[in-house]
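Fold and geometry: a report
As a plain string of letters, each chain reads:
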Amino acid sequence: MAEAIRANVQTVPVGTDLSGALSDWLVEKYRDDRLGLADVTLFLPNNRAVSALTSAFVRSADKGLVLPRMVAIGDLALDEKLGPLLDPFSQDETTPFPAVPDIERLLKLVALIRQDRGDASAAEALHLAKQLVQTLNELEVEEKSIHDIELDHDDADLADHWSKAYDSLKLLCRQSESWLAEQRLLSPASRRNALLDRLTQRLKSTPPTAPVIAAGITTAAPAIAKLLSQIAGLPQGLVLLPHVDLTMPEADWDALGNFDAPEEGSDTAKPPRQQETHPQYHLKLLMHRMGVRRDEVTAFPGKNASTVRGAQLSQAVQDIFCIAEKTVEWQGLSPKRRSLDHVRLVEAEDSSEEARAISVLIREAIETPGKRVALVTPDREIASRVAAQLLRWNIEADDSAGEPLAEQPAGVLFLTLSRMLASGLAPVPLLSAFKHPLVRSGEGRLEWLEQVRALDMVLRGPQMRTGAAAISQVIAEKVADTRADPKLSVWWGVVETELLPLVSSGRRNLAAHLDAVTAAAEHLSDGAIWKGAGGRRLAEFVEDLSTQKLDALSDSDGLSYPDLLASMLADISIRPAYGRHPRVAIYGLLEARLQSADLVICAGLNEGGWPQLPQPDPWLAPHLRRRLGMSGLDRNIGLSAHDLASALGAPEVVLTRARRDRSGPTIASRFLLRLQALIGERLQIETRAVDLGKQLDRAVKRAGDYPRPAPMPSPEQRKVAISITQMDMLKADPYAFYARNILKLDALKPVDADPDPAWKGTLVHKIFEDWTKTGDRDPDSLVRFAENALSDRSVTPELRLLWQPRIMAGMQWAASEIETNAQAGREIAASEVRAEGEISGIRVHGRIDRIDRQADGKLVVIDYKTGGPPSKGKVNAGYALQLGLAGLLVETGGVKEVTGEVGGYEYWSLSKKDGEFGYCAAPFAKNPKDGEPNPTTFVSFADGKASEVIAERILGDAPFTAKLKPDYAVYKDYDQLMRLDEWKGRTNWNEAGDVD
């Protein structure tokens, strides 16, 4: 260790509000000289600390005072810059080169990475460049250079993948260093070091006569440690460190780690283990770099620096976070040392319950005048949930982390427009953009939304083709068959004309894409996207990005551009404006340092959240990090432990966690497990807030159990026409038939839905129908026709790659089967024909896929299936009667194109069987039993079953019971309407008489 200096280094114990203690002490010291306080210079860790200390001065002063000069050292992790005292606006020959803009540096590293890794995509290179920035910042903060990491491979003993990463890192460091030198720029960390070193030299050469105090700074960076060391040695200098444990046994303090250089001849390959996860580790490292021993640190004399309570809390924290070897001593501790009377624990079932309980605690706390509440959590989801819960009481919490720009209205619209243009006007991003509140937000918005909703209806369900032309074609088809208003076609024509040039130009490269998105945003929102805090920050982002060369991020595939923009926007947050609740704050772990409150709620105490799991460095192997003397990946765990230890010093503390989150079951934080193991049953469990939280959303009057639906329409309403394909629905699920045919409710499919079997079947039927209309009966022409129908480049990739080969294989089988039948004298008599007739006076109708005429003159009714045909057992049970009813309509003259006796019934399935696509199946067994249908009796069998259900449900008064026969009720479109999940399991499935 360096030779000890005369240092004025003090600390406050756990449980002491450092800001309050320091402000009270200074106000008291300068009570008789109010202007003297203005001569004091305070160095603080970040801008949040400046705000906290300013508030503390306001609370400490009984009348007006002039504040001291407060300077934030800044924090790279918080994207904070050095204050003007450290980085003056005026430049001279001693001022370092300016810092390279973050976006410019990032893009240069992306270009270097893609040059080094020729196969890296833009997205991969951007991800690696972000992590490389972090690695370079760590190296520069620790004052390590390229020469420090140039180690011999054999000496480094690296695995192959680490060796490659190491070679790339050396190359990229040299290239980045050369580029910065050419541009006469410095990296942010290097420039920060240079400015701090210049301040240190100025303090050394011309020591100020006024007091200089550094308070709350815990960063152990060498440049900051040298500055703190210099301040500590000034005549009126003071370094005030937070919560250095002065009572920890010397052996335990030594066990945290030894930072002295190894002696010659010692085994340097196995350095002693560093206890980086301990909350005192980083403070010991800082003091070592300052050249200060722990016995030189004294207790701060401020009156708010509670010594009795602070000693008790320090002992408790020392016990909780002791090194692993010391935990065996917990059993022998006295009950007094194994209790924390001011700490409560909330264990919720899930994150939603945890957020409600926290909101109740906050709402209750602010009922006490002047009481301040702070929610401290690294989990942004918990923070967002609590902020939303508090809005029910009109409480807007001061959330220090702000809201990501990508989640602000302006950012959401910008990224949605990017996806819309990159996808070539795909339906989902197109409608998402058109419905955004910022689009056409003026007087014409209602007319705009009317057309957008009409377009939404048109684009429901699977789409065979993509692009603007496909949308125009779909609109034209819907207008032609009167399912869409002609105004929609005119409106879309105008929109398409405006957007198509942007789609084509936006695919050239990322710069052109950015321009296209900006133009679309400007046009569609009439400039509203650039208004407000989020809009102004988005405009700055676009301007900064537009001035850069974006070639490194350009890909041949423009579909990656939205993800690239989203990745860059994710690093930008919008801080809350003034006017939030003055006594309710939400902090992240970094922002919480030097903050204080009467009630501190530490939320999200789960492993992986608090502490966060270390993220591996893809550039530097752990072995190399150790050899360089850099912090290990566990350093942040120690900082998280120190943050929790500091929070435990608040007058009232609540710790919360959820047993489940959106990812599944959770594991309690290692810190919480230690606290529970130490305190045991003495730990207070908070349940009242959880119970009250549950009641927040509980209905005043509990609704009764929902009965199984069984509507009873009037006789006039019952008499509706029945499709031969819906006879099963009427028998097995009368409620679904009621909703569809009587209430006329059609289920809406999702926009641009994935192809489903029903849509696939419609497509196949369409191909057969169009082929039949050509009049060409050559089976080979059917295959060619299907190929032409599916060969359009606008056909969706999923259909072309996954479904087209299966459809074509089935079509080839169908073509060969038609040819075989033709050789046997069987020909196609009709295809895709309409049929209708009456059963018991009720109109029955349908469409018959195909009717063949055999050599003997009898007809064969055929039904195409893209999946498997119905089972013979289902037909025997009186279901799947479509073919039988079709035969009935044919024989009774219900088909204009063909008449005659039906002698056969066939399902032509295009699905796979025995390894081949396509096969023919009959609806009944070859040797049916008594009572089972056969080719001769199928018509009468179907007629009888249909007559029974028509007499019961259409002509009779039987209720339309939901899911009467669930085994045969395969239709799910109306399950939500019948609220199936609310009564299923409480009602006998097969008895209609027990329904309400």
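Residues numbered from 1 in each chain as written. Predicted model: local features only at pLDDT ≥ 70, side-chain atom pairs only at ≥ 80, totals over all residues. Heavy atoms only, no water.

1. Some words on the overall build of the protein chain
- Along its length, the protein chain carries 36 helices and 23 strands.
- Within the protein chain, the fraction of its 996 residues that count as buried is 52%.
- Excluding contacts between residues fewer than 6 apart, the proportion of contacts in the protein chain whose partners are at least 24 apart in sequence is 77%.
- When the accessible area of the protein chain is evaluated, it comes to approximately 46,800 Å², of which 50% is carbon and sulfur surface. (Helix = DSSP H or I, 4+ residues; strand = E, 2+ residues; numbered from the N terminus. Buried < 20%, exposed > 50% of the residue type's maximum accessible area, 1.4 Å probe, protein only. Contact = heavy atoms within 4.5 Å. Areas by Shrake-Rupley, 256 points an atom, 1.4 Å probe, with all protein chains shown as cover.)

2. Thoughts on the packing of helix 8 (residues 222-232) against helix 10 (residues 281-290)
- Here helix 8 crosses helix 10 at 65°, and the two axes come no closer than 8 Å. For helix 8 against helix 10, the interelement crossing comes out right-handed. In this structure, helix 8 uses Pro222, Ala225, Leu228 and Ser229 to contact helix 10, whose residues at the interface are Leu286, Arg289 and Met290.
- Within the contact of helix 8 with helix 10, the residues separate by chemical class into 5 nonpolar, 1 polar and 1 charged. (Axes fitted to C-alpha atoms, helices over the stretch in contact; angles between N-to-C directions. Left-handed = near helix turned anticlockwise from the far one by under 90°. Nonpolar A, V, L, I, M, F, W, Y, C, P; charged D, E, K, R; others polar.)

3. Regarding helix 8
- Counting buried residues along helix 8, 10 of its 11 residues qualify, which places the element largely inside the surrounding structure.
- Taken together, the buried positions of helix 8 are occupied by Pro222, Ala223, Ile224, Ala225, Leu227, Leu228, Ser229, Gln230, Ile231 and Ala232.

4. Structural notes on the sheet that holds strand 5 (residues 237-242)
- One open sheet holds the 6 strands; their spatial order is 3-2-4-5-1-6, and the pairing between them is parallel. A strand with exactly one partner marks an edge of an open sheet, and here the two such strands are strand 3 (69-72) and strand 6 (298-299).
- Where strand 1 (residues 9-12) meets strand 6, 2 bridges bridge the pair, whose relative direction is parallel. In the sheet register, Thr11 faces strand 6, and the bridge partner there is Ala299.
- Sitting on the sheet, helix 2 (residues 47-60) touches strand 2 (41-44) and strand 3, and the angle it makes with strand 3 is about 155°.
- Of the strands in this sheet, strand 1, strand 2, strand 4 (212-215) and strand 5 are in contact with helix 8, which crosses strand 5 at around 125°. (Pairing = 2+ DSSP bridges.)

5. Things to note about the packing of aromatic side chains
- Enumeration according to the criterion identifies 13 aromatic pairs in this entry.
- On the basis of an interplanar angle of 25° and a centroid distance of 4.3 Å, the ring pair of Tyr879 and Tyr968 is categorised as stacked. Residue Tyr879 is found in the loop between helix 33 (872-876) and helix 34 (882-891), and its partner Tyr968 is found in the loop between helix 35 (938-954) and helix 36 (980-983); the two are separated by 89 residues along the sequence.
- Its relative accessible area of 24% is what places Tyr968 among the partly exposed residues.
- Both rings, one in Phe924 and one in Phe938, keep their centres 5.1 Å apart while their planes meet at 85°; by these two values the pair is edge-to-face. You can see Phe924 sitting in the loop between strand 23 (916-921) and helix 35 and its partner Phe938 sitting in helix 35, a full 14 residues away along the chain.
- Judged by relative accessible area, which is 6%, Phe924 ranks as buried.
- An aromatic cluster of three or more residues is present, and its members are Tyr735, Phe737, Tyr738 and Phe960.
- Geometry around Trp908 places Arg850 over its ring, the cationic atom sitting 4.1 Å from the centre.
- Above the plane of the ring of Tyr706 lies Arg979, whose end atom (NZ or CZ) is 3.8 Å from the centre. (Phe/Tyr/Trp six-rings, centres within 6.5 Å; stacked < 30°, edge-to-face > 60°. Lys NZ or Arg CZ within 6 Å of the ring centre and 35° of its normal.)

6. Notes on unusual backbone geometry
- Going from Trp610 to Pro611, the amide bond is cis rather than trans, its omega being 5°.
- Locating Pro611 in the fold gives a position in the loop between strand 13 (599-602) and helix 23 (622-628).
- One non-glycine residue, Glu143, lies in the positive phi region at around 60°.
- Mapped onto the secondary structure, Glu143 falls in the loop between helix 4 (122-141) and helix 5 (153-156).

7. As for helix 4
- Relative to the 28 Å expected for 20 residues at 1.5 Å per residue, helix 4 spans 28 Å between its end C-alpha atoms, a close match to the ideal helical length.
- Glu143 sits one or two residues past helix 4 and shows a positive phi near 60°. (Expected span 1.5 Å × (residues − 1).)

8. Section: the pattern of salt bridges
- As enumerated under the stated definition, the model contains 40 salt bridges in all.
- Here Arg662 and Glu381 are joined by a salt bridge, their closest N and O atoms 3.0 Å apart. One end of the pair, Arg662, is in the loop between strand 15 (660-661) and strand 16 (664-665); the other, Glu381, is in helix 13 (residues 380-390), with 281 residues separating them in the sequence.
- Looking at Glu381, the relative accessible area reads 25%, which means it is partly exposed.
- Measuring nitrogen to oxygen at the nearest pair gives 3.8 Å for the salt bridge that ties Arg847 to Glu832. Residue Arg847 is located in strand 20 (residues 842-853), and its partner Glu832 is located in strand 19 (residues 827-839); the two are separated by 15 residues in the primary sequence.
- Judged by relative accessible area, Glu832 falls into the buried class, the value being 8%.
- Residues joined by salt bridges that share partners form a network here, namely Arg344, Lys371, Glu652 and Glu686. (Salt bridge = Lys/Arg side-chain N within 4 Å of Asp/Glu carboxyl O.)

9. Description of the nonpolar core
- Residues Phe434, Leu455, Trp492 and Leu538 are the most contacted members of the largest nonpolar core, which totals 88 residues.
- Sorting elements by how many residues they give to this core places helix 4 first, with 9 residues.
- With sequence-adjacent residues up to four places away left out, Leu455 is seen in contact with Leu430, Leu431, Ile471, Ile475, Leu488, Trp491 and Trp492.
- The next biggest cluster of nonpolar side chains, apart from the first, holds 51 residues, and it includes Leu730, Leu888, Val939 and Trp983. (Core = buried A, V, L, I, M, F, W, Y, C linked by side-chain atoms within 4.5 Å.)

10. Digging into the environment of Arg440
- Looking at the element boundaries, Arg440 is found in the loop between helix 15 (427-434) and helix 16 (445-458).
- Residue Arg440 is classed as buried on the basis of its relative accessible area of 18%.
- Separated by 83 residues in sequence, Arg440 and His523 place their C-alpha atoms 9.0 Å apart.
- When near neighbours in sequence (up to four residues on either side) are disregarded, Arg440 contacts Arg445, Trp448, Glu498, His523, Leu524, Ser525 and Asp526.
- One polar contact links the side chain of Arg440 to the main-chain carbonyl oxygen of His523, over a distance of 2.9 Å. (Polar contact = N/O pair within 3.5 Å; in protein donor to acceptor, adjacent residues only side chain to side chain.)

11. Notes on the confidence of the model for the protein chain
- Averaged over every residue, the pLDDT of the protein chain is 84; residues scoring 70 or more account for 89%.
- Low pLDDT, under 50, characterises residues 1-5; the stretch is placed with 11 contacts to residues that sit more than four places away or in other chains.
- Overall, residues 990-996 carries pLDDT values under 50, and its contacts beyond four positions in sequence, including any with other chains, amount to 14 contacts. (pLDDT = per-residue confidence, 0-100.)

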